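Observations on the three-dimensional arrangement
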Amino acid sequence: MTTEYSKPRRTEYWELYDKMLARTSEKGGRDYWRSLHELAETPEFQEYLSREFPHGASEMQDAVGRRRFLKLMGASIALAGATACTKQPVEKIFPYVRQPEQMVPGKPLFFATAFTMGGRARGVLAESHMGRPTKLEGNEMHPASLGATDLFTQAAVLSLYDPDRSQVVRNAGQIRTWSVFADRYRQAIEEQAAQRGAGLRILSETVTSLSQAAHLRRVLERFPQAKLHQWAPLNRDNVFEATRMVFGEPLEVRYKFDRADVIVSLDSDFLHGSEAPVRYARDLAARRDPSGDGPMSRLYALESNYSVTGAYADHRLAVPPSHIESAARALARRIGSGGGQDWGEHGEWIDAAASDLQAAGAGALVLAGDHQPPAVHALAYLMNQALGSIGRTVEFTDPVDAFPVNHLESLKELVDDMNGGDVEVLLILGANPAYDAPADLDLASALDKVPLRVHHGLYVDETARLCHWHVPGVHFLESWGDCRAYDGTVTIQQPLIAPLYGGKSVYEVLSFLTGEEGIRTYEAVREFWEDNSPSIDFESFWRQSVHDGVVADSALPARQVSGSAQGLPQPSTSIQGMEVAFLPDPTLHDGSFANNGWLQECPKQLSKLTWDNALLVSPATAERLGRVSSDAALKGEMTQWSVAGQMAQVKVGGRTIEAALWVLPGHADDCATLFLGHGRSQAGRVGNDTGFNAYPLRASDAMGFAGGLEITLQSRRYPLACVQDHHSLEGRNHYRAATLEYFREHPHFVEELEHLPPDDLPTLYPEWDYQNEYRWGMAINLGACTGCNACVVACQAENNIPVVGKDQVLRGREMHWIRVDRYFKGDIHAPAAFNQPVPCMQCENAPCEPVCPVAATVHSDEGLNDMVYNRCVGTRYCANNCPYKVRRFNFYLYADWDTKSRKMQYNPDVTVRSRGVMEKCSYCVQRISAARIEAKREDRRIRDGEVRTACQQVCPTEAILFGDLNDADSRVAAAKQQPHHFAMLAELNTRPRTSYLARITNPHPGLETPVEQAQEEGHH
């Protein structure tokens, strides 16, 4: 079949072409190409194409096809740099007359600022390449980070360039200008001024910014009858209520894990989900070194869901969330700080914890999770007081929150006012209550009764859709500001880039209400500190504070407190039947990170699920529900559960959702866990419709957990992407762990299960000589690793690793260059969990190298197994030959080459790969090269610690050590001399330069653990 092309139609095309060309006959080539682009977009030309070239016509005879050929050629031209036809904004630019001394092409600059979660600041150093922020690292001077970060902080830079962020002012879904909004906004404010703000309400997230709080107070002074409300779905309500019970006023509590000998965690995931997880992890790890100067601390954990803290604990007890209070009362009774009944079934566990706490005295520490009721927190404070640990391991300060209100009560009051018709103007600053408010408040219905609703935020989210006006907000890397850390330390936030999408700051929105319309954000922040700075030389103070990322001596001082048990409520009635816990998602938190692809694809620490949450239940509970047979549960045939995606109807208090079931060993029986943060409908293209929304089950009287859970299994199945079985080394001798007592008696216990090849074993590999070069190596301390996955996201940010999506993860094609394997040991109903980071082993005898037919994987002079991308032809022989399964193949073009804003985030020092090549860990060779250049310039060798890989730099517990093995004084060389050092699968004679230090636990002598059971069986 052929297609006839008539002369009149061709003439029609050239007439259109000549028409456009005539407009630019006297203009330059750039306008010529722009005119062609405009021609292609005209309706006349599109209509001509539809007639002249019907869809698929060229493909009928041509296998490649004209349309596909033109697409490929267009892509080639674009990649070659012919992008001048893209319409650029009209801006005046000027070349450098004198280039800034600090800005050198190819050399990044670092600026101190802070990232906030729940209002709490985490100090960071933002890496900038020619004005483009590309990476966030911890600020060593900041008390909440100490040079490290967590996965949320690492992923925050991706949100900066998110093309789904709000970019325009909207009114009823239509695009409007800022000036039009300002006129309407100003008119409403003038109307409220006449009635002293009686109909004005402001709803914000948690406020810790001193300058922002000052602006809000000025608003309330100008409108004395207006009200300020706060709402965050994950808040500190229970902490403040408990301190009111015990001490008579709301107080902040902070912990000193580096001073604690014995810690008891009452359902608190303080290593991952607390207000200062990085600092707390660092402090705890400092006391977990078996070869350290001081005694090794001991950690007890009671919890329902298996958490990062529970996996790190020496003793863990899984109980339903409502049982934590009775356990706390029993523990308090043992140490003489309150009344409670014996705890029957688990009395031995409570006795052991109580005896350890009493022996530790002032070195003891008891803490409770934020989602536990105030009574549990109050019991913890009273126990710390009885043990004498307040002032040593536990400190109380004034609240970090500028307005320490009860968030739930504040939101209830606002809803009542809206339903009563008392609210005429509602300004929402960042909060998203339409998505995450308690279901029984029916917030959407209440919002509908407010005549004027204004939403300010980064996204047109669920709440913005219900408001009349939406104003785009700014990312923290785009704006000035200030914020407080968990201990009150203040950081001055400074921008690294102008607002990409023209957003407005909170200060600019509030300026209408304070009568300072038009004030710049920088002026608003600086003027506040100038008015409130204790320093005489303000300019010096300001420059130093901005430079350091820390306002000196701004931490809140510890308070002298004395508590009383008189305000402690009576024991709550035990929940009958099953219950469900509502916990923050390990990777999406409360849902505010739902549109972040790095976090969606980052595996959750214990379940190893990506792109979804699930209804987590224990093996015994699953058996009772009919999910698995009794024999399967008893035998521990976990492979039957690795595809568990059976849908279930979940009902609590008359409210119902659907969710997929997932069986998690070690989960408490007779309860389930649902992570919050999934099931978004207005998050963006990445976050919409992932997982299941748990908020509709969460009521105002059961924010942390609820009883009356009903689970009805359905016949439908739902695919869940779990990465644990993709590259698991289970069944091999790859992990070592022992108790502290056994380690002291058998310091070289790791050798008991090693089967090292003889030294004279014949080999085809050459002996590499590094006498005059560097020999890079890595040691990972499994005793310090918490499995937090920060290294996974940091590696992704540093090395331009793409997101592949759920479908590709289901096929086993995730691209992470470092993974954190999770293994269980012991009884499947109460196992111990172990985490093992696995990057490339950088083998001396690398099995990947000799099998490559094009020498794309080669051995460098410094011992790295290098990948030469432009040689790789995609045979994947190297991946097949790798016993550690650390190589990744990009089957498709996963890298985003189309989104303009996304291109700005890429690290310019690392190649952005196309499809069809193998990728792997390179020990961050770009960082090695930068240090080598600097060392050569100064005519010296690279110093120990001068090169820090991305995974090493981010690690909160300093579990990863990297350096030159030829330097006998380096930290990594010293680590490899430790008696509990071992190599993974050393019997294969690959001689990996990435090796491990065995995990050493410190259990109570009277309680047996899976590690001790393994020792008795001759395994480690």
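Residues numbered from 1 in each chain as written. Predicted model: local features only at pLDDT ≥ 70, side-chain atom pairs only at ≥ 80, totals over all residues. Heavy atoms only, no water.

**A look at the packing of aromatic side chains**
Applying the stated criterion across every chain, the model contains 36 aromatic pairs. Arranged with centres 5.0 Å apart and planes meeting at 50 degrees, the rings of Tyr185 and Phe512 form a pair that is tilted. Pair noted here: Tyr185 is in helix α6 (residues 178-194) and Phe512 is in helix α17 (residues 506-514), with a separation of 327 residues, a long-range link. Each member of the pair Tyr185 and Phe512 is classed as buried. Here the aromatic cluster, defined as three or more aromatic residues joined through ring pairs, consists of Trp480, Tyr522, Phe528, Trp529, Phe538, Phe541 and Trp542. The ring of Tyr312 carries the charged tip of Arg288 above its face, separated from the ring centre by 5.5 Å. Above the ring of Phe889, the side-chain terminus of Arg876 is found at 5.2 Å from the ring centroid. (Phe/Tyr/Trp six-rings, centres within 6.5 Å; stacked < 30°, edge-to-face > 60°. Helix = DSSP H or I, 4+ residues; strand = E, 2+ residues; numbered from the N terminus. Buried < 20%, exposed > 50% of the residue type's maximum accessible area, 1.4 Å probe, protein only. Lys NZ or Arg CZ within 6 Å of the ring centre and 35° of its normal.)

**Looking at unusual backbone geometry**
Of note in this structure, Asp442 is not a glycine but carries a positive phi near 50 degrees. Within the secondary structure, Asp442 sits in the loop between α15 (433-436) and α16 (443-447). Residue Asp442 is classed as partly exposed on the basis of its relative accessible area, which comes to 44%. The phi angle at Asp939 is positive, at roughly 55 degrees, despite the residue not being glycine. Along the chain, the position of Asp939 falls in the loop between α28 (925-937) and α29 (950-954). Asp939 sits in the exposed class, given a relative accessible area of 71%.

**Observations regarding the side chain of Asp267**
Mapped onto the fold, Asp267 is located in the loop between β9 (262-266) and α9 (277-286). There is no salt bridge for the buried Asp267, and the closest opposite charge comes from Arg316, which lies 8.0 Å off by N-O distance. Residues in contact with Asp267, not counting those within four places in the same chain, are Leu302, Glu303, Ser304, Pro321, Ile324, Gly369, His371 and Gln372. (Lys, Arg positive; Asp, Glu negative; His and termini not counted. Salt bridge = Lys/Arg side-chain N within 4 Å of Asp/Glu carboxyl O. Contact = heavy atoms within 4.5 Å.)

**Section: the environment of Phe111**
Structurally, the position occupied by Phe111 is in strand β1 (residues 109-117). Linking Phe111 and Leu136, residues 25 residues apart in sequence, is a C-alpha distance of 9.6 Å. Among all residues touching Phe111, those that are not within four sequence positions of it are Val124, Leu125, Ala126, Ser128, Gln494 and Leu496.

**Digging into the nonpolar core**
Counting residues in each nonpolar core, the largest one holds 71 residues, and the members touching the most others are Phe749, Trp776, Tyr884, Tyr923 and Tyr996. Of the residues forming this core, the biggest block, 5 residues, is contributed by helix α24 (residues 790-798). Ignoring sequence-local partners within four residues, the contact set of Tyr884 consists of Arg819, Val838, Met841, Cys843, Met984, Leu985, Thr990 and Pro992. In terms of nonpolar packing, the next biggest core, distinct from the first, is built from 64 residues, Ile324, Ala353, Leu382 and Ala485 among them. (Core = buried A, V, L, I, M, F, W, Y, C linked by side-chain atoms within 4.5 Å.)

**Remarks on the pattern of salt bridges**
Scanning the model with the defined rule gives 49 salt bridges in all. For Arg288, the salt bridge identified is with Asp314, shortest N-O distance 2.7 Å. Of this pair, Arg288 sits in the loop between α9 and β10 (298-303) while Asp314 sits in the loop between α10 (308-312) and β11 (315-318), and the two are 26 residues apart along the sequence. Where Arg932 meets Glu862, a salt bridge forms, and the shortest distance between an N and an O atom there is 2.8 Å. Within this pair, whereas Arg932 is found in helix α28, its partner Glu862 is found in the loop between β32 (857-859) and β33 (865-867), the two being separated by 70 residues in sequence. Within this structure, Arg120, Arg236, Glu252, Glu275, Asp370 and Asp401 form a network of salt bridges that share partners.

**Observations concerning the packing of helix α11 (residues 324-335) against helix α13 (residues 374-387)**
Packing of α11 against α13 brings their axes to within 10 Å, and their N-to-C directions diverge by 15 degrees. Taken as axis vectors, α11 and α13 run roughly parallel relative to one another. Both α11 and α13 take part in a crossing whose hand is left-handed. For the pair α11 and α13, contact is made by Ile324, Glu325, Ala328, Arg329, Leu331, Ala332 and Ile335 and by Ala375, Val376, Leu379, Met383 and Leu387, respectively. Broken down by class, the residue content of the contact of α11 with α13 amounts to 10 nonpolar, no polar and 2 charged. (Axes fitted to C-alpha atoms, helices over the stretch in contact; angles between N-to-C directions. Parallel < 35°, antiparallel > 145°, perpendicular 65-115°, else oblique. Left-handed = near helix turned anticlockwise from the far one by under 90°. Nonpolar A, V, L, I, M, F, W, Y, C, P; charged D, E, K, R; others polar.)

**With respect to a negative patch on the surface**
On the surface, Glu190, Glu191, Asp422 and Glu424 cluster together into a patch of negative charge. With respect to the helices and strands, the residue Glu191 is situated in helix α6. In this structure Glu191 comes out as partly exposed when scored by relative accessible area, which is 44%. (Patch = residues over 30% accessible without salt bridge, like charges linked within 9 Å, V, L, I, M, F, W, Y side chains within 5 Å. Areas by Shrake-Rupley, 256 points an atom, 1.4 Å probe, with all protein chains shown as cover. Charge placed at Lys NZ, Arg CZ, Asp CG, Glu CD.)

**With respect to the sheet that holds strand β7 (residues 227-230)**
Each strand in a sheet pairs with its neighbour through backbone hydrogen bonds, running either in the same direction (parallel) or in the opposite one (antiparallel). Overall, mixed pairing links the 7 strands, which are arranged β5-β4-β16-β15-β14-β6-β7 in an open sheet. Edge strands, defined here as strands with exactly one partner in the open sheet, are β5 (174-176) and β7. Taken over all neighbouring pairs, the strand axes of this sheet differ in orientation by 20 degrees on average, direction set aside. Bridge count for strand β15 (residues 452-457) against strand β16 (residues 469-472) is 4 bridges, and the pairing is parallel. Its bridge partner being in β16, His455 is matched across the sheet by His470. The sheet contacts of α6 involve β4 (169-171), β5, β6 (200-204), β14 (425-429), β15 and β16, and relative to β16 the element is tilted by about 120 degrees. (Pairing = 2+ DSSP bridges.)

**Considerations on the confidence of the model for the protein chain**
Scored by pLDDT, the protein chain has a mean of 85; 86% of the residues are at 70 or more. Residue range residues 1-10 is modelled with pLDDT below 50. Its contacts to residues more than four positions away, or to other chains, number 14 contacts. Scored below 50 in pLDDT, residues 66-93 makes 19 contacts in the model with residues more than four places away or belonging to other chains. (pLDDT = per-residue confidence, 0-100.)

**Some points on the pairing of β15**
Regular strands show a simple pattern: their side chains alternate between the two faces of the sheet. With respect to burial, β15 is a largely interior element, 6 of its 6 residues being buried. Burial of β15 is two-sided: the residues Leu452, Val454 and His456 facing one way and the residues Arg453, His455 and Gly457 facing the other way are all buried. With 5 bridges connecting them, β14 and β15 associate as parallel partners. Counted as the bridge partner of Ile428 is His455 from β15.

**Some words on the side chain of Gln926**
Residue placement: Gln926 occurs in helix α28. Within the structure, Gln926 has its side chain in polar contact with the side chain of Asn799 (distance 3.3 Å). Ignoring any residue separated from it by four or fewer positions in sequence, one finds Gln926 in contact with Glu798, Asn799, Asn907, Asp909 and Val910. (Polar contact = N/O pair within 3.5 Å; in protein donor to acceptor, adjacent residues only side chain to side chain.)

**Overview of the sheet that holds strand β12 (residues 364-368)**
Across the sheet, which stays open at both edges, the 4 strands sit in the order β11-β10-β9-β12 with parallel pairing between neighbours. Unpaired on one side and paired on the other, β11 and β12 mark the two borders of the sheet. With direction set aside, neighbouring strand axes in the sheet form an average angle of 10 degrees. In terms of strand pairing, β10 meets β11 through 4 bridges, oriented parallel. Bridging from a neighbouring strand, Ala301 pairs with Arg316 of β11. Its contacts with the sheet place helix α12 (residues 347-360) against β9, β10, β11 and β12, and it is angled at close to 140 degrees to β10.

**Digging into α13**
Here α13 is 14 residues long and its end C-alpha atoms lie 20 Å apart, about the 20 Å a rise of 1.5 Å per residue gives. With 12 of 14 residues buried, α13 is to be regarded as a mostly interior element. Buried residues of α13: Pro374, Ala375, Val376, His377, Ala378, Leu379, Ala380, Tyr381, Leu382, Met383, Asn384 and Leu387, and no others. Of the residues trailing α13, Gly388 is marked for its positive phi of about 85 degrees. (Expected span 1.5 Å × (residues − 1).)

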